[in-house]
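Summary of the model geometry
The chain contents come next:
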Amino acid sequence: MKIAVVGFGAAAIGFISELVGTSHEIHIFERSKDVYSASISGVRSDGKLFISNDMGGDIEIPLSLQKEVVDYYTSKLERDERNNIKRGLSFSEESPFFDRFYSEGFEPVKSEFFHIGTDKLPVILKKIYDEFSKASNIHFHFSTRVDDVIIQNGKAKVKSENFEDIFDMAVISVGRSGHVLIKKIVERDPPLVLSGNVVDVGVRYEVPNHVVKELNEEMYEFKVRMRAKTGYMVRTFCNNPSGKVVLEEYDDFVTVNGHSTSVASSENTNFAILCSTSFTEPFNDPIGYGSYIAKLGNILAGGRKVLVQTYEDFVNCKRTKKLGRVKPTLNENSCVLGDVNLVLPRRIALSISEFVRKLGNVVEGLSYPDNLLYAVEVKFYSNKLNNEKYENLKFIGDCSGYTRSITYATAHGKMLARNFGDA
Ligand SMILES: Cc1cc2nc3c(=O)[nH]c(=O)nc-3n(C[C@H](O)[C@H](O)[C@H](O)COP(=O)(O)OP(=O)(O)OC[C@H]3O[C@@H](n4cnc5c(N)ncnc54)[C@H](O)[C@@H]3O)c2cc1C
């Protein structure tokens, strides 16, 4: 079969890894110029791999397959680097933290994690790329942004600015950054969308390492969620001990994110605090909602920048004019002292404030007055797409709406490939 794979991220890696050396002729179209410089994504930044039934996507992936995915990535490192990967359990029930969070109303999220670090990811990607490109049935086409995929007469027509070809099958794996292509395909074929009206909006929270030292030593990646009085589910996400806060760049706005390398790069720990917002009819534009909030933050910050505020000022609805003991790790040209309450909808601001107050009941330093909030952090989700409608058009990974992590996206790709005859 002649197959087009659109986008080369985690899901494509999983799919292709199963088809190397088979009789299928596989063409990969990636808009970036090479394997390293693709758009924002966890396979190029941070690289935390999780094994969990409680997070990572809305599809059932056996733990054995998740473990296989983690082994697949980590096996690409040299032995000593592999041995140095930070790993552990987020919330073993034996942990004293489990009870402490639980009794404050938090739900501790269980997962096993492996942190590769931004600096090690290029080595892994290079190895994977070398292995794939050596196979005679795999063909890479970089700097090729696919603009449309059209299903006609049982075949898939793949089009870009200066290229057009017909394939037996198209596998779309463009992640969340490929939303323009997905929009085009589903606008022409609305029944492809099964459901989806969710966006997570919140802040990046930054505290000095020493206040969470015990927590970081015990589990490195602590994940808890709690139903706030507002009814919103609030959760921690992407904990970065000794990490840095960074901007996440979109074409028309910026949001905030965080990452860490395999060696400590700061004296602070940052993590996201996110509220899941789901909408009902007639509203159907969660991406628009999240983007507008992010843009409002940028307007108040005076351009492609985010606002930063101390926790005390946030609770008192006062613009921060002077920072306390916690020094921001985000580059000073990328943020402005301000009042996050002018940006976040009241229901989200109240939920975050309650969440941080309760975190402080578990680990006192988590609600110190001079801890920092950066706004806004947004997690967009793709609509859930129908993979049964066409035999020759499949969506894998985050663009399918069923995954939101490296492990799940890669496993999703592997599962599709394993349904093939000679895979
Ligand atoms: C900053 C950041 C950090 C993250 N950190 C983690 C983490 O530590 N752990 C974790 O589990 N998850 C993390 N994630 C989430 C994780 O990256 C994704 O869930 C996962 O990569 C999804 O895999 P994918 O293959 O669906 O998409 P991606 O890995 O995003 O790959 C999609 C690819 O498609 C390409 N593409 C897009 N549009 C087109 C087009 N029209 N034509 C051709 N190519 C196109 C893109 O350039 C990209 O290379 C992070 C995400 C971000 C943004």
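In short, a report on the structure.

**So, the pattern of salt bridges**
All chains considered together, the criterion is met by 25 salt bridges. For the salt bridge of Lys126 with Asp130, the shortest nitrogen-to-oxygen distance reads 2.7 Å. With Lys126 and Asp130 both in helix α5 (residues 121-134) and 4 residues apart, this pair spans about one turn of that helix. Overall, the relative accessible area of 26% leaves Asp130 in the partly exposed class. A salt bridge links Asp148 to Arg188; its shortest N-O distance comes to 2.9 Å. Here Arg188 lies in helix α6 (residues 179-188) and Asp148 lies in strand β8 (residues 146-152), a separation of 40 residues in the sequence. Exposure remark for Asp148: the relative accessible area of 7% places this residue in the buried category. When its relative accessible area of 44% is taken as the criterion, Arg188 is described as partly exposed.

**Topic: the packing of helix α1 (residues 10-17) against helix α11 (residues 406-418)**
Two numbers describe how α1 lies on α11: the axes approach to 7 Å, and their chain directions differ by 35°. In this structure, α1 crosses over α11, and the sense of that crossing is right-handed. Counted together, Ala10, Ala11, Gly14, Phe15 and Ser17 of α1 and Ile406, Ala409, Thr410, Gly413, Lys414, Leu416 and Ala417 of α11 form the full contact between these two elements.

**Thoughts on unusual backbone geometry**
Cis rather than trans, the peptide bond between Glu281 and Pro282 has omega equal to 10°. Here Pro282 lies in the loop between β18 (268-278) and α8 (286-301). Omega for the peptide link from Ala375 to Val376 comes to 5°, which places this bond in the cis form. Note on placement: Val376 falls in strand β21 (residues 372-380). One non-glycine residue with positive phi stands out, namely Ser242, at about 50°. Here Ser242 shows up in the loop between β15 (233-240) and β16 (244-249). Here Cys317, not a glycine, exhibits a phi torsion of approximately 50°, which is positive. In this structure, Cys317 sits in the loop between α9 (311-315) and β20 (335-337).

**Points about the layout of surface pockets**
Put simply, the second largest pocket is a space of about 380 Å³. Of all the secondary structure elements, the ones that give two or more residues to the lining of the second largest pocket are β23 (393-395) and α11. When grouped by side-chain class, the residues that make up the lining of the second largest pocket number 8 nonpolar, 5 polar and 4 charged.

**So, the nonpolar core**
Counting 47 residues, the largest nonpolar core has Phe101, Phe222, Ile273, Leu344, Ile352 and Leu359 as its most contacted members. If you tally residues by element for this core, the top one is helix α10 (residues 346-362), at 7 residues. Those residues within four positions of Phe222 in sequence are excluded, and the remaining contacts are Ser90, Phe91, Phe101, Leu215, Thr236, Asn239, Phe271 and Leu359. With 45 residues, the next largest nonpolar core counts Ile3, Tyr73, Ile128 and Tyr408 among its residues.

**Looking at α8**
An α-helical segment advances 3.6 residues per turn. Residues three or four places apart therefore align on the same side. Taking 1.5 Å per residue as the helical rise, α8 with its 16 residues ought to reach 22 Å, and the 23 Å between its terminal C-alpha atoms agrees with that figure. Considered for burial, the residues of α8 that qualify are Pro286, Gly288, Gly290, Ser291, Ile293, Ala294, Gly297, Asn298 and Ala301. Buried-residue contacts for α8 involve β13 (198-208), β17 (254-259), β19 (306-310), β20 and β21.

**A few points about the sheet that holds β20**
Read from one edge to the other, the open sheet built from 8 strands follows the order β5-β14-β15-β18-β13-β21-β19-β20, with strand pairing classed as mixed. The two strands at the open ends of the sheet, each matched to only one other strand, are β5 (107-108) and β20. Against the sheet, α10 engages β13, β14 (224-227), β15, β18 and β21, with an angle of about 135° to β18.

What counts and how
- Residues numbered from 1 in each chain as written.
- Predicted model: local features only at pLDDT ≥ 70, side-chain atom pairs only at ≥ 80, totals over all residues.
- Heavy atoms only, no water.
- Salt bridge = Lys/Arg side-chain N within 4 Å of Asp/Glu carboxyl O.
- Helix = DSSP H or I, 4+ residues; strand = E, 2+ residues; numbered from the N terminus.
- Buried < 20%, exposed > 50% of the residue type's maximum accessible area, 1.4 Å probe, protein only.
- Axes fitted to C-alpha atoms, helices over the stretch in contact; angles between N-to-C directions.
- Left-handed = near helix turned anticlockwise from the far one by under 90°.
- Contact = heavy atoms within 4.5 Å.
- 1 Å grid on protein atoms, 1.4 Å probe; cavity = no way out; pocket = protein on both sides within 12 Å on 5 of 7 lines; lining within 4 Å.
- Points joined across faces, edges and corners; volume = space filled by probe spheres on them.
- Nonpolar A, V, L, I, M, F, W, Y, C, P; charged D, E, K, R; others polar.
- Core = buried A, V, L, I, M, F, W, Y, C linked by side-chain atoms within 4.5 Å.
- Expected span 1.5 Å × (residues − 1).
- Pairing = 2+ DSSP bridges.

Any functional reading would require information that these geometric values do not contain.
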